[in-house]
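Tertiary structure, described
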Amino acid sequence: MDFYKTAGTEPIGDEVRTHFSSEITGELAGEHVVLMGWAHIIRDKGKIKFIVLRDERGTVQITIPQKKVPEDVFKTSEGLKPETALSVTGVVIATNQVASGAEVIPKKIRILNTSDRLPIDVVEGKTDIDLDTRLNYRILDLRKPSVNAIFKVQHNLVRFARAFLESHDFVEIHTPKLVAEATEGGANLFEVKYFERKAYLAQSPQFYKQLMLLAGFGRVYEIAPVFRAEKHNTRRHVNEYTSFDYEMAWISGVEDVMKMEEDMLHHSFKMTKKHAATELELLGIDLEIPKVPFKRVKYTEAVDLINQTGKDLAITDDLDPECERLLGEIFPEKFGTDMVFITHYPLELRPAYTMPSMTDEGMTESFDLTYKGMEITTGSQRIHLYDLLVERFKAKGFNPADFTFYLDFFKYGAPPHGGLGLGVERMTMQLLGIENIREATLLPRDRDRLTP
Ligand code: AMO
């Protein structure tokens, strides 16, 4: 047991946590509870001490009047340092002194672990520290309730989107992240030494999610990391992000893919608003549920709208961040919504696997979803016809022989299909009005950062 003493802590007791902080309300008055968490804020008023105890559900006030608690409890509370890990056994008292309407008077306080002085604040409203320093201490940064809340919101967005897909017969798949070829074009590939050969980190599950439809799964989805060797540090790019992908077979056209996405996001936003209400409130977000159907605008029309602001964009120019920002202003004004599908991108701007449009010459059956002036999703109908697929690979300058592992399976009755990739961090940042994608990335990887 000596290592406990050396650490300044007490051996494990027999208390079992009975409640989370958020459950301590006036209705529990008189009940014995066991709480565990960190000493978030400590106030010393001489003969009475206060500890705001923080756990994963919020905070609760522990009130320690010298006269009303055992001597050793009062002694323990003296000189406690912030972020000491505690177990508190006590009685709930109703009070109108705190917002929750209750506090806990301890009978026993056990120090589970001590804490050094923190390099950054984890209490709201204290000094603002630059993002880089916060990210250096990300694990502590995440203890701050408003930072933690971002990822609870993200968790809810993903879990309800997943639940929606599950209820629509999608099967979860796990595809390789070590791959032989690029899917999205070669520019931003990370190369990996793979024994005697070269391999790459997957930029997208693109080829494999499509192949799983050829393998007989009607609908598949994957939520997994993808890797992009973007050379520049921007506020909207990280080098590893979470891609939320789905792919569906037997579609009639790209509309089926968009319809699925708008229904999925509508459900996910609605459920997140309900289940992450506390976190959204803490973050000051009144989440607007986008109305279904989302507005659809053709790429040519989007370019026209941008050019009306005085720009001179050609049809084959990609929409850069500045254009997306402009559309983020134009769309709400013109269409009363900030969730808009831009459809029918030119062939030049889309990967080789994208189905050319039957209706719009030189265009594709593709779309991006823009949310508050930023692209959060890319999707399309895919080419399922072998000859056309090979032709398009050649047109993009690829050697079909390098892609036989993908192309060959389109010879065996590949079903019409389509799908999309949604950036989880981008969706989170736009929904929460976050300026820099790193804040919506648990442990960001960028040009300069590989730890923590
Ligand atoms: P795309 O390359 O457009 O399409 O990526 C899809 C979505 O992923 C997000 N995203 C990023 N997020 C953070 N950092 C980055 N560097 C980054 N790059 C992209 C965006 C984007 O909309 N295979 C296709 C998808 C498909 O057609 O199914 C693809 O990967 O939100």
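Residues numbered from 1 in each chain as written. Predicted model: local features only at pLDDT ≥ 70, side-chain atom pairs only at ≥ 80, totals over all residues. Heavy atoms only, no water.

**Quick notes on the sheet that holds strand β10 (residues 219-227)**
Read across the open sheet, the 8 strands follow the order β6-β10-β11-β16-β15-β14-β13-β12; overall the sheet is mixed. Here the strands that pair on one side only, and so sit at the sheet edges, are β6 (171-172) and β12 (295-298). Bridge count between strand β11 (residues 240-249) and strand β16 (residues 417-423): 7 bridges; the pairing is antiparallel. Among the inter-strand pairings, Asp245 is bridged to a residue of β16, identified as Gly421. (Pairing = 2+ DSSP bridges. Helix = DSSP H or I, 4+ residues; strand = E, 2+ residues; numbered from the N terminus.)

**Description of the pattern of salt bridges**
Across all of its chains, the model carries 27 salt bridges by this definition. One salt bridge in this structure joins Asp141 and Arg134, with 2.8 Å as the shortest N-O distance. There is no split in this pair, since Asp141 and Arg134 are both buried. The shortest N-O distance in the salt bridge between Glu222 and Lys177 comes to 2.9 Å. One end of the pair, Glu222, is in strand β10; the other, Lys177, is in the loop between β6 and β7 (178-179), with 45 residues separating them in the sequence. By sharing partners, the salt bridges in this structure join Arg134, Arg138, Asp141 and Glu439 into a single network. (Salt bridge = Lys/Arg side-chain N within 4 Å of Asp/Glu carboxyl O. Buried < 20%, exposed > 50% of the residue type's maximum accessible area, 1.4 Å probe, protein only.)

**A closer look at the sheet that holds β7**
In spatial order, the strands read β7-β9-β8; together these 3 strands make up an open sheet with antiparallel pairing. The two strands at the open ends of the sheet, each matched to only one other strand, are β7 and β8 (191-194). As paired elements, β7 and strand β9 (residues 197-201) share 2 bridges and run antiparallel to each other. Counted as the bridge partner of Val179 is Tyr200 from β9.

**With respect to the site of the ligand**
In the region of the ligand, 22 residues are neighbours, and Gln206, Lys209, Glu375, Thr378 and Arg382 sit closest. In this structure, a nitrogen atom belonging to the ligand sits 3.1 Å away from a side-chain N or O atom of Ser204. Here an oxygen atom of the ligand sits 3.3 Å away from a polar atom, N or O, in the main chain of Gly423. Here the ligand loses 94% of its free accessible area of 630 Å² to cover by the protein chains. Going through the elements one at a time, α6 (206-214), β15 (375-381) and β16 are the ones with two or more residues in the shell around the ligand. For the shell around the ligand, the element with the highest residue contribution is β15, accounting for 5 residues. Here the residues of the shell around the ligand are counted per class, giving 6 nonpolar, 8 polar and 8 charged. (Near = heavy atom within 4 Å. Polar contact = N/O pair within 3.5 Å; in protein donor to acceptor, adjacent residues only side chain to side chain. Areas by Shrake-Rupley, 256 points an atom, 1.4 Å probe, with all protein chains shown as cover. Nonpolar A, V, L, I, M, F, W, Y, C, P; charged D, E, K, R; others polar.)

**Observations concerning the domain arrangement of the protein**
Looking at the protein, the domain boundaries give domain 1 (2-113) and domain 2 (139-440). Taking only C-alpha atoms, the centre of domain 1 and the centre of domain 2 are 47 Å apart. (Domains from an automatic or database assignment.)

**A short note on the nonpolar core**
Phe244, Tyr246, Met264, Leu265, Phe269 and Leu431 are the most contacted members of the largest nonpolar core, which has 48 residues in total. Only α5 (145-166), β10, β11, α7 (254-275), β13 (339-343), β14 (366-371), β16 and α13 (424-432) provide two or more residues apiece to this core. With 9 residues, α5 is the largest single contributor of residues to this core. Setting aside residues no more than four positions away along its own chain, Met264 makes contact with Ala161, Phe164, Leu165, Phe244, Tyr246 and Leu422. The next biggest cluster of nonpolar side chains, apart from the first, holds 22 residues, and it includes Ala39, Val69, Phe74 and Val88. (Core = buried A, V, L, I, M, F, W, Y, C linked by side-chain atoms within 4.5 Å. Contact = heavy atoms within 4.5 Å.)

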